[in-house]
Amino acid sequence: MFGSRLFVAFVARTALAQSVQIGLPDAGTVLNPGEDYTVQIQCPDSLTSSQEVALVIGIQQCQNGHCFPPDETLGNLLYSGSFNPQFHEPSLPPYQNFTVHIPDTMSSESALVGVAHFALVGDSFAPLIDYHNQSVSIA
Ligand SMILES: *[C@@H]1O[C@H](CO)[C@@H](O)[C@H](O)[C@H]1NC(C)=O
Ligand SMILES: *[C@@H]1O[C@H](CO)[C@@H](O)[C@H](O)[C@H]1NC(C)=O
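Scope of this entry: the structure provided in the associated data block. (Residues numbered from 1 in each chain as written. Chains lettered and ligands numbered in written order. Predicted model: local features only at pLDDT ≥ 70, side-chain atom pairs only at ≥ 80, totals over all residues. Heavy atoms only, no water.)

### Some remarks on the sheet that holds strand β7 (residues 110-121)
Counted only if it meets this: Two strands pair under a simple rule: DSSP has to find at least two bridges between them. Put simply, DSSP H or I for four residues or longer makes a helix, DSSP E for two residues or longer makes a strand, and each gets a number counted from the N terminus.
Pairing is mixed in the open sheet, where five strands are placed in the order β2-β8-β7-β4-β5. Two strands close off the open sheet at either side, each with one partner strand: β2 (30-31) and β5 (76-81). Bridge analysis of strand β4 (residues 50-61) against β7 gives eleven bridges, and the strand direction is antiparallel. What sits directly across from G58, in β7, is G114.

### Some remarks on the sheet that holds strand β6 (residues 95-101)
Quick note on the threshold: What counts as an axis is a line fitted to C-alpha atoms, over the stretch in contact for a helix, and the angles between N-to-C directions run from 0 to 180 degrees.
With antiparallel pairing, three strands are arranged side by side in an open sheet as β1-β3-β6. The sheet is open, and its two borders are formed by β1 (21-24) and β6, each paired with just one other strand. Within the sheet, the average angular offset between the axes of one strand and its neighbour, ignoring direction, is 35 degrees. Pairing of strand β3 (residues 36-42) with β6 involves seven bridges; the strand directions are antiparallel. Within the sheet, the bridge partner assigned to T38 lies in β6 and is T99.

### A short note on the site of ligand 1
Inclusion rule: Residue proximity to a molecule or strand is established when one non-hydrogen atom of the residue lies within 4 Å of it. For this analysis, a polar contact is any N or O atom pair within 3.5 Å, provided that within protein one partner can donate a hydrogen and the other can accept it, and provided that sequence-adjacent residues contribute only side-chain to side-chain pairs. With residues, only the protein chains shown are counted as cover, and all accessible areas are computed by Shrake-Rupley using a 1.4 Å probe. Amino acid classes used here: Ala, Val, Leu, Ile, Met, Phe, Trp, Tyr, Cys and Pro are nonpolar; Asp, Glu, Lys and Arg are charged; the rest, including Gly, are polar.
Around ligand 1, a shell composed of C67, F68, P69, P70, L112 and N133 is seen. Side-chain polar atom of N133 to an oxygen atom of ligand 1: 2.3 Å apart, as the coordinates give it. Across the complex, the protein chains shield 36% of the 360 Å² of accessible surface that ligand 1 would expose by itself. A per-class count over the shell around ligand 1 returns five nonpolar, one polar and no charged.

### Remarks on the site of ligand 2
Around ligand 2 sit L24, T38, Q40, H88, E89, Y95 and N97, and that is every residue in its neighbourhood. For ligand 2, a nitrogen atom lies 2.8 Å from a polar atom in the side chain of Y95. The side chain of N97 places a nitrogen or oxygen atom 2.4 Å from an oxygen atom of ligand 2. When isolated, ligand 2 has an accessible area of 360 Å², and the protein chains bury 47% of it. Elements represented by at least two residues in the shell around ligand 2 include exactly β3 and β6.

Next up, the structure:
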């Protein structure tokens, strides 16, 4: 009983430690359609072994301020491929920058940058998918 509760706590903590975060763009950043921007995905360092599988970045046009959660809709695909976070500045966790192109078709309203991240965690390769979002504006 005690052992299994400990295990659950360990897995939950591990999952948390392995999830990524959106470093850039900052919340509320104004993006121009047709221009390129940096999306920075940070991966807080952790002692647990994990194997990165894939990362997907999308941007979704919100309708009257309503956006769908990224586990349902990513909108326009900005990036889909491998994820290889590295240490750069000592003040930041390991990260990777992605240069993405904001579609011309996006109109001036709020939008949501959505991220889906897939990794394998620990010695038994527990599959982990985590979703993140950042609210931005389209100029
Ligand atoms: C965006 O993320 C926040 C916090 O992680 C969450 O509370 C919110 O529901 C998410 N928004 C959508 C549209 O999924
Ligand atoms: C990642 O992008 C940010 C913002 O443009 C920049 O400050 C940083 O130097 C970039 N890092 C690398 C390793 O290119």
